[in-house]
Amino acid sequence: MFQSASSDGAREYLAPGRILVAAADTRVADMRTNAFRAAGYEVRATSTAAAALELAGSFDPDVVVLDAGLPNRSGFDACESLSKCSQAFIVMVGGGAHDSDVTLGLELGADDYVVEPFADCELLARVSSFFRRRLKIAGRRTGPGLAIGSTRLDRDLHTLSHGASYASLTALEFRLMWCLGEAEGRLLGRAQLLESVWNDTSGVQTRVVDVHVAALRKKFAEIGAPLRITSVRGVGYRLDRRD
């Protein structure tokens, strides 16, 4: 299903990290497990949502590859639970999903949603992109946080705080907020945000940025942060202070 890097100049995906695979079909789980292990990752696999949640606590994965159609509890339920108790990137996989399924997955905390059938290596490439971003961010660290006026983004805790109030951010909400915060007052295009935050250079239209911007706006309101994300139709977004 996936191809590994080769000596003819093909892209290498090798990177250390832990991946949890949750797929209802054990053959699919085995296939993905073998592919990720061949690429150098440490992998655990399961076929139920309940087992995935239990493994997430003991295995502490960096990335969870989660089927939408898991038995007992749906993958969407598991995604919502994982987004609240884990800092792992969540990649949902759904067969022939409707746009509403993709939007629901992202709103419940998924960082990406891959619609089956997908091309060979696509899932591996998307998962590996999370690890590359993590390394890039680690290499740019200059301090524990970012101050945007009276609001603070904490890198270690993955929180956005204002005064005594704070909101926890998912991994991708944090990356998006950091990107917007560093460019405060400057308009960033959707394509630029997709490349910087999601490492996506495909140019394919997607609502993933819009969904995560909406989530950030909601968290601004929850903590009373004097920030606003201004949207420019057909272009992108800009973070501004209101204090």
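For the structure, check the block above.
So, how was this worked out
- Residues numbered from 1 in each chain as written.
- Predicted model: local features only at pLDDT ≥ 70, side-chain atom pairs only at ≥ 80, totals over all residues.
- Heavy atoms only, no water.
- Helix = DSSP H or I, 4+ residues; strand = E, 2+ residues; numbered from the N terminus.
- Contact = heavy atoms within 4.5 Å.
- Core = buried A, V, L, I, M, F, W, Y, C linked by side-chain atoms within 4.5 Å.
- Buried < 20%, exposed > 50% of the residue type's maximum accessible area, 1.4 Å probe, protein only.
- Phe/Tyr/Trp six-rings, centres within 6.5 Å; stacked < 30°, edge-to-face > 60°.
- Pairing = 2+ DSSP bridges.
- Axes fitted to C-alpha atoms, helices over the stretch in contact; angles between N-to-C directions.
- Parallel < 35°, antiparallel > 145°, perpendicular 65-115°, else oblique.
- Left-handed = near helix turned anticlockwise from the far one by under 90°.

Draft legend 1. Spatial organisation of the environment of Leu187. Here Leu187 is to be found in the loop between helix H6 (171-182) and strand E10 (188-189). In this structure, the C-alpha to C-alpha distance between Leu187 and Asp240, residues 53 residues apart in sequence, is 9.9 Å. In contact with Leu187, other than residues within four places in its own chain, are Val232, Val235, Gly236, Tyr237 and Arg238.

Draft legend 2. Broad picture of the nonpolar core. Of all hydrophobic cores here, the largest spans 75 residues; its most connected members are Phe36 and Met177. If you tally residues by element for this core, the top one is H6, at eight residues. When sequence neighbours within four positions are dropped, the list of residues in contact with Phe36 reads Ile19, Val21, Tyr41, Val43, Val65, Leu123, Leu124 and Val127.

Draft legend 3. Summary view of the packing of aromatic side chains. Enumeration according to the criterion identifies two aromatic pairs in this entry. Between the aromatic rings of Phe36 and Tyr41, the centroid separation amounts to 6.3 Å while the plane-to-plane angle is 85 degrees, which identifies the pairing as edge-to-face. Overall, Phe36 belongs to the buried group, its relative accessible area being 0%. Seen from their ring centres, Phe174 and Trp178 are 5.7 Å apart, and the 40 degrees between their planes marks the pair as tilted. A residue pair is termed a helical-turn pair when its members lie 3 or 4 positions apart in one helix, as Phe174 and Trp178 do in helix H6 at four residues. Both residues of the pair, Phe174 and Trp178, count as buried.

Draft legend 4. Highlighting the pairing of strand E2 (residues 42-46). In the sheet, strand E1 (residues 18-22) pairs with E2 via five bridges, with the strands oriented parallel. Following the sheet pairing, Leu20 is matched in E2 by Arg44.

Draft legend 5. Examining the packing of H6 against helix H7 (residues 190-198) more closely. H7 packs onto H6 with a crossing angle of 125 degrees between their chain directions and a minimal axis gap of 10 Å. Classified by the angle between their axes, H6 and H7 sit oblique to one another. Between H6 and H7 lies a crossing whose hand is right-handed. In contact with Leu172, Arg175, Leu176, Cys179 and Leu180 of H6, H7 contributes Leu193, Ser196, Val197 and Trp198.

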